[in-house]
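Here is what each chain is made of, one letter per residue.
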Amino acid sequence: MLGDAYTAATMNRLQSLLALALLITACGDSSNNVGDDASTIDAGPAFPAWKAGREPAVTTIGVRRTLTPVRGIIHLHSPLSHDACDGQGYREETGTIDEDCLSDLRSALCTMHIDFAALTDHDDFFADQDFEETYLQRSDDALVRNDKGDAVASRITCEDGHEVLWTVGSENALMPVMLDRHPVGTIEDRKAIYNSNNATTANAFRDQGGLTFLAHTEDKDIELLRSLGLDGLEIYNLHANLDPGIREEFLGLDGPAAFRAALDFAGVDELGPEPDLAMIAFLEPSNVALQKWDTLLGEGLRLTGTAGTDAHQNALPVMFRDGERGDSYRRMISWFSNIALVETPGDHESLQDSLDKGRSFVAFEIMGSPSGFDVRATKANSATLELGDEAQSDAGYQLVVTTPSVFGLDASLPTPEMRVSILHVDESGSREVASGTSGDVTTPLSSPGAYRVEVYITPKHLSPYLGNLGPEHAEKELPWIYSNPIYVVAP
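Just so you know, the residues in each chain are numbered from 1, in the order the chain's sequence is written. Owing to the predicted nature of the model, reporting of local features is limited to residues with pLDDT of at least 70; listing and counting of side-chain atom pairs is limited to 80 or more, with chain, interface and lining totals taken over all residues. Side-chain metrics rest on all non-hydrogen atoms present in the structure, leaving aside hydrogens and water.

K.L.:
Help me understand the overall build of the protein in this model?
P.N.:
Within the protein one finds 13 helices and 24 strands. The globule rule used here is 2.2 Å times the number of residues to the 0.38 power, and the radius of gyration it is set against is calculated over C-alpha atoms. Computed over C-alpha atoms, the radius of gyration of the protein comes to 22 Å, within 12% of the 23 Å expected from 2.2 N^0.38 for 491 residues, which places it in the range of a compact globule. Projecting the C-alpha coordinates of the protein onto the three principal axes gives extents of approximately 70 × 60 × 45 Å. Type-normalised accessible area, obtained with a 1.4 Å probe on protein chains alone, sets the label of each residue: buried when under 20%, exposed when over 50%, and partly exposed for intermediate values. Scored against the burial criterion, the 491 residues of the protein give a buried share of 57%. For the protein, the share of sequence-separated contacts (at least 6 apart) that also reach a separation of at least 24 residues comes to 73%. A helix here means a DSSP run of H or I that spans at least four residues, while a strand means a run of E at least two residues long, and both kinds are numbered starting from the N terminus. Whether two residues are in contact is decided by their heavy atoms, any of which lying within 4.5 Å being enough.

K.L.:
For this particular structure, what's the right way to read unusual backbone geometry?
P.N.:
What is expected of a backbone is that most residues other than glycine have negative phi and most peptide bonds are trans. Residues D124 and F125 are joined by a peptide bond in cis, for which omega reads 15°. Here F125 is to be found in helix α3 (residues 123–126). One non-glycine residue with positive phi stands out, namely H216, at about 50°. Relative to the helices and strands, H216 resides in the loop between β9 (211–214) and α6 (222–227).

K.L.:
Sorry, what's going on with the state of the cysteines here?
P.N.:
Each disulfide is one covalent bond, formed between the sulfur atoms of two cysteines. Two cysteine sulfur atoms form a disulfide, by the criterion used here, when they sit within 2.5 Å. Enumeration over the complete set of coordinates arrives at two disulfides. Across the disulfide from C110 sits C158; the S-S distance is 2.0 Å. Every disulfide takes its handedness from the sign of the S-S torsion; for C110 and C158 that torsion is -85°, giving left-handed. With C110 in helix α2 (residues 99–111) and C158 in the loop between β6 (151–157) and β7 (163–170), the pair connects residues that are 48 residues apart, well separated along the chain.

K.L.:
What am I meant to see in the pattern of salt bridges here?
P.N.:
A side chain of one charge can pair with a side chain of the opposite charge if their charged atoms are brought near each other. Within this document, salt bridges are pairs made up of a side-chain nitrogen of Lys or Arg and a carboxyl oxygen of Asp or Glu, the two lying within 4 Å of each other. Scanning all chains against the criterion turns up 35 salt bridges. The residue D276 makes a salt bridge to R330 at a minimum N-O spacing of 2.7 Å. Residue D276 is located in the loop between α9 (257–263) and α10 (279–282), and its partner R330 is located in helix α12 (residues 329–333); the two are separated by 54 residues in the primary sequence. Both residues of the pair, D276 and R330, belong to the buried class. Close ionic contact of R325 with D327 constitutes a salt bridge, the shortest N to O distance being 2.5 Å. Neither residue differs from the other here; R325 and D327 are each classed as buried. One salt-bridge network, held together by shared partners, links R64, R65, D374, R376, E386 and D440.

K.L.:
Explain the nonpolar core to me, please; I cannot follow it from the model alone.
P.N.:
If you look at soluble globular proteins, the nonpolar side chains tend to sit buried side by side. By size, the foremost hydrophobic cluster in this structure holds 113 residues, and its most contacted members are L76, W166, M279, F282, Y329, I333 and M367. The nonpolar core is taken to be a set of buried Ala, Val, Leu, Ile, Met, Phe, Trp, Tyr and Cys residues, with the residues joined through side-chain atoms within 4.5 Å. In terms of nonpolar packing, the next biggest core, distinct from the first, is built from 18 residues, V70, I74, V144 and F213 among them.

K.L.:
Would you take a moment to explain the pairing of strand β17 (residues 398–402) for this structure?
P.N.:
Look at any regular strand and the pattern is simple: side chains alternate between the two faces of the sheet. With four of five residues buried, β17 is to be regarded as a mostly interior element. Strands are treated as partners if at least two bridges between them are detected by DSSP. Here β17 runs beside strand β21 (residues 440–444); their pairing, made up of five bridges, is antiparallel. In the sheet register, T402 faces β21, and the bridge partner there is D440.

K.L.:
Help me understand the pairing of strand β22 (residues 449–458) in this model?
P.N.:
Among the ten residues that make up β22, ten are buried, leaving the element largely enclosed by the rest of the structure. Where strand β19 (residues 417–426) meets β22, nine bridges bridge the pair, whose relative direction is antiparallel. Directly across from I422, in β22, lies its bridge partner V453. Summarising the sheet, β22 and strand β24 (residues 486–489) pair through three bridges and their orientation is antiparallel. Considered in β24, the bridge of A450 is made with Y487. As paired strands, β22 and strand β23 (residues 478–483) are joined by four bridges and run antiparallel to one another.

K.L.:
What am I meant to see in the sheet that holds β21 here?
P.N.:
Where strands meet in a sheet, backbone hydrogen bonds hold them as pairs that are either parallel or antiparallel. Strand order in the open sheet formed by three strands is β15-β17-β21, and the pairing between neighbours is antiparallel. Each having just a single partner strand, β15 (374–378) and β21 make up the two edges of the open sheet. Across the sheet, the axes of successive neighbouring strands diverge by a mean angle of 20°, strand direction being ignored. Helix axes use the C-alpha atoms of the stretch in contact, all axes being lines fitted to C-alpha atoms, and the angles between their N-to-C directions lie in the range 0 to 180 degrees.

K.L.:
Help me understand helix α11 (residues 287–298), please; the structure alone is not making it clear to me.
P.N.:
Along an α-helix, residues three or four apart share an orientation, since each turn contains 3.6 residues. Between the first and last C-alpha of α11 there are 16 Å, a value that for twelve residues agrees with the 16 Å anticipated at 1.5 Å per step. Every buried residue belonging to α11 is among A289, L290, K292, W293, D294, L296, L297 and G298, and all of these are buried. Positive backbone phi, approximately 100°, marks G300, located one or two places after α11. Helix span, as expected, comes to 1.5 Å for every residue beyond the first.

K.L.:
I tried to follow the environment of T415 on my own but got confused; where do I start?
P.N.:
Inspection of the secondary structure assignment puts T415 in the loop between β18 (405–406) and β19. For the pair T415 and F47, spaced 368 residues apart in sequence, the C-alpha separation works out to 13 Å.

K.L.:
What's the story with helix α4 (residues 187–194) in this structure? I'm lost.
P.N.:
Within α4 the residues assigned to the buried category are R190, K191 and Y194. Considered in projection along α4, the buried side chains sweep an arc of 95° and stay on one side of the axis. On the buried face of α4, the contacting elements are α3, β7 and α5 (199–207). It is the directions from the helix axis to the C-beta atoms whose arc is reported.

Set out below in structure tokens:
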């Protein structure tokens, strides 16, 4: 999950801290530092076993009118990134891929029922390959071509028949996604463009069929963001939420706090918490990134907000008690998704159109898939407006948000608590205009600006899976959903 945006020293510091702490945890008290004697712990009632995977297809959370939800990962690194797979993903001297690491990635996409994976490899070694080779096709994968004959995606068919649309892009100074081809020129010409950071380059990526997104918004100057002509930017990045240096310098948070919290999930004690739930211990809103997004939205820019998984499988090659390394592709992919609402599921152009419009939302699905979540603008005798659409302020539309529930929640588990917040963003800033904890939450779309939704959850239903760590982490309110806006303009 660690990329070129930050120094090797930062990565080495984090790895060293984790390795040392894990050694202490593994070799010391098996009670996971909680102090409870195993013989005195009350097993309590029987709850459903933790599933190391998501519920089935994301369509189970509900089709909306003509739009079908598809689950995706945006900002993800294959073995073609120089620092992926413990730095050994691609062997330049032989031109070969670490097949085991690639298999881990492909398996994770299938296991977690991901519908689209927007790969964003660094220029080394992505730019060194002929473009079709960057799809890393294996087995019976099928290339998807546009009407010009360009390979715009690859389709992976999983063992259970589920299909994953695999697209390619590159994370360097900018983060173009879903490209149709490399920039023209030599390999060095390509690399120069991939590492450029200006509006001309952003336009060039669109000319190559992609969308120009930006990673690691937290460390970018707002003037730069204004100047680039972006299609979207990250409002959450996992690496930034974890790394002590980034947290302290760019997010204004306690640097080591995430590491300390996550460490409790890294033990080997069978009575300890489920390792997958480590994220609920360190998850915090990336307020700096959110504020920059709101500033730009308030100025009239239309930018799709995304969450970046930024997984490389390169940070923590230590096996946790569930038999997976701490930074496995599957574990990181399980934590959150970008859910796009598309007209035609499985179609590359339909997906790209939805991401371009912002017809999507971020969901931290480690807390559960948000069944029934819906944001729309309605008016009698008029067509329903969707995320990314526009209304006039005098048109009489009302924003309606349906409070989600946790999909497939077992009745034996404690009941989580929800809170919906509707935010109105304009040149004066962002402010809450409506909120609620159940049913439909509404507000009139009577003032120009962007209206977006945040949903928070107190995940009490996860407390039985925290073992001897105790329920504390399941009793605090956490972000669950960030929606993209519906826009309102003056008549």
